[in-house]
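# Structural overview for review
Below, each chain spelled out in residue letters.
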Amino acid sequence: MTTTQTLREGQPGEGPAAHRFPVGLTPDEFKLAFRNHAAGVAVITADAGDGPVGLTATSVFSVSAEPPLLVFSISAHSSSAPTILKAEHVVVHLLADEQLDLAQLCATSGVDRFADTSIWTRLITGEPYFPAAHSWIRGRVVDTMSAGKSTIVAVHALQAQVPEAEAAPLVYHNRTWHRLGEASRLEA
């Protein structure tokens, strides 16, 4: 088992952003630690003027109800990162199990995620979105923060489509897609 050590300050003149993590988990150990942490699946879309992009994320979570804020992270390795980080607005699609095909599409590298014009359109405000998503939230990017090889994006929710009927959420756990339902409910 690997243990982490406490942070040490950067060298003089490096400033507070230069904290170092001298000993830590390897990338494989870190991934293994999170493998048993289930996460909801979302698709994030944006268009900063060069055409629509989309990606699948399991890092979306709500931060505050007043004001309504959510965050997600985006890897620097994602082909969608430059556009999403330039965009003023994004659409975060919260997926149900019936949207597995959409999650897989936006998680696949090297494909045109918007080639099939029958599965997406634009909101009246111009952002690309997938109408089949169980629910979606359109928001304005209000802040970003560099975090390792990723960027954390904070979004102020402006508009949402929330369905009247419940659906089984799409969940990612241990490198596999899952659905939650009555059989998975635990009585407290």
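A brief structural summary.

Rules behind the numbers
Residues numbered from 1 in each chain as written. Predicted model: local features only at pLDDT ≥ 70, side-chain atom pairs only at ≥ 80, totals over all residues. Heavy atoms only, no water. Pairing = 2+ DSSP bridges. Helix = DSSP H or I, 4+ residues; strand = E, 2+ residues; numbered from the N terminus. Axes fitted to C-alpha atoms, helices over the stretch in contact; angles between N-to-C directions. Phe/Tyr/Trp six-rings, centres within 6.5 Å; stacked < 30°, edge-to-face > 60°. Buried < 20%, exposed > 50% of the residue type's maximum accessible area, 1.4 Å probe, protein only. Core = buried A, V, L, I, M, F, W, Y, C linked by side-chain atoms within 4.5 Å. Contact = heavy atoms within 4.5 Å. Arc of directions from axis to C-beta. Polar contact = N/O pair within 3.5 Å; in protein donor to acceptor, adjacent residues only side chain to side chain.

## Observations concerning the sheet that holds strand E3 (residues 53-57)
- Overall, antiparallel pairing links the seven strands, which are arranged E3-E2-E6-E9-E10-E5-E4 in an open sheet. Each of the sheet's edge strands pairs with one partner strand only, and the pair in question is E3 and strand E4 (61-65). Adjacent strand axes in the sheet meet at a mean angle of 35 degrees when their direction is disregarded.
- In this structure, strand E2 (residues 42-46) lies alongside E3, joined through five bridges in antiparallel fashion. Each residue of the ladder has a partner; that of Ala46, found in E3, is Val53.

## Here's the deal with the pairing of strand E11 (residues 170-173)
- Here strand E1 (residues 39-40) runs beside E11; their pairing, made up of two bridges, is antiparallel. In the sheet register, Ala39 faces E11, and the bridge partner there is Tyr172.
- The pairing of E11 with strand E12 (residues 176-179) spans four bridges and is classified as antiparallel. Among the inter-strand pairings, His173 is bridged to a residue of E12, identified as Thr176.
- Counted between consecutive antiparallel strands, the loop separating E11 from E12 contains two residues, among which Asn174 sits at a positive phi close to 55 degrees.

## Thoughts on the sheet that holds E12
- The strand order E1-E11-E12 describes an open sheet built from three strands, whose pairing is antiparallel. Two strands close off the open sheet at either side, each with one partner strand: E1 and E12.

## Examining the packing of aromatic side chains
- Across all of its chains, the model carries five aromatic pairs by this definition.
- Aromatic pair Phe114 and Trp120: ring centres 5.0 Å apart, planes at 85 degrees, arrangement edge-to-face. Each member of the pair, Phe114 together with Trp120, is buried.
- Ring centres 5.0 Å apart and planes at 70 degrees place the aromatic pair Tyr172 and Trp177 in the edge-to-face group.
- Taking the relative accessible area as the measure of exposure, Tyr172 reaches 29% and is therefore partly exposed.
- Residue classification places Trp177 among the partly exposed residues on the basis of a relative accessible area of 27%.

## Side note on the nonpolar core
- Core analysis: the biggest nonpolar cluster contains 17 residues, and Ile44, Phe72, Ile74, Ile84 and Val90 have the highest contact counts within it.
- Of all the secondary structure elements, the ones that give two or more residues to this core are E2, E3, strand E5 (68-75), helix H2 (81-86), strand E6 (89-94) and strand E10 (150-161).
- Once residues lying within four places of it in the same chain are set aside, the contact partners of Phe72 are Ile44, Ser59, Val60, Ile84, Val90, Thr151, Ile152, Val153 and Val155.

## With respect to the pairing of E2
- Burial runs high along E2: five of the five residues are buried.
- As judged from the four bridges shared by E2 and E6, these two strands associate in the antiparallel manner. When the bridges of E6 are listed, Ala42 appears paired with Leu94.

## Digging into helix H3 (residues 100-107)
- Inspection of H3 places Leu102, Ala103 and Cys106 among the buried residues, and these make up the whole buried set. One side of H3 holds all its buried residues, which, seen down the axis, span an arc of 100 degrees.
- The inward-facing, buried residues of H3 contact E2, E3, E11 and E12.

## Observations regarding the side chain of His93
- The residue His93 is located in strand E6 in this model.
- Within the structure, His93 has its side chain in polar contact with the backbone nitrogen of Phe130 (distance 3.0 Å).
- Ignoring sequence-local partners within four residues, the contact set of His93 consists of Val41, Ala42, Val43, Thr45, Pro128, Tyr129, Phe130, Ala133, Ser135 and Trp136.

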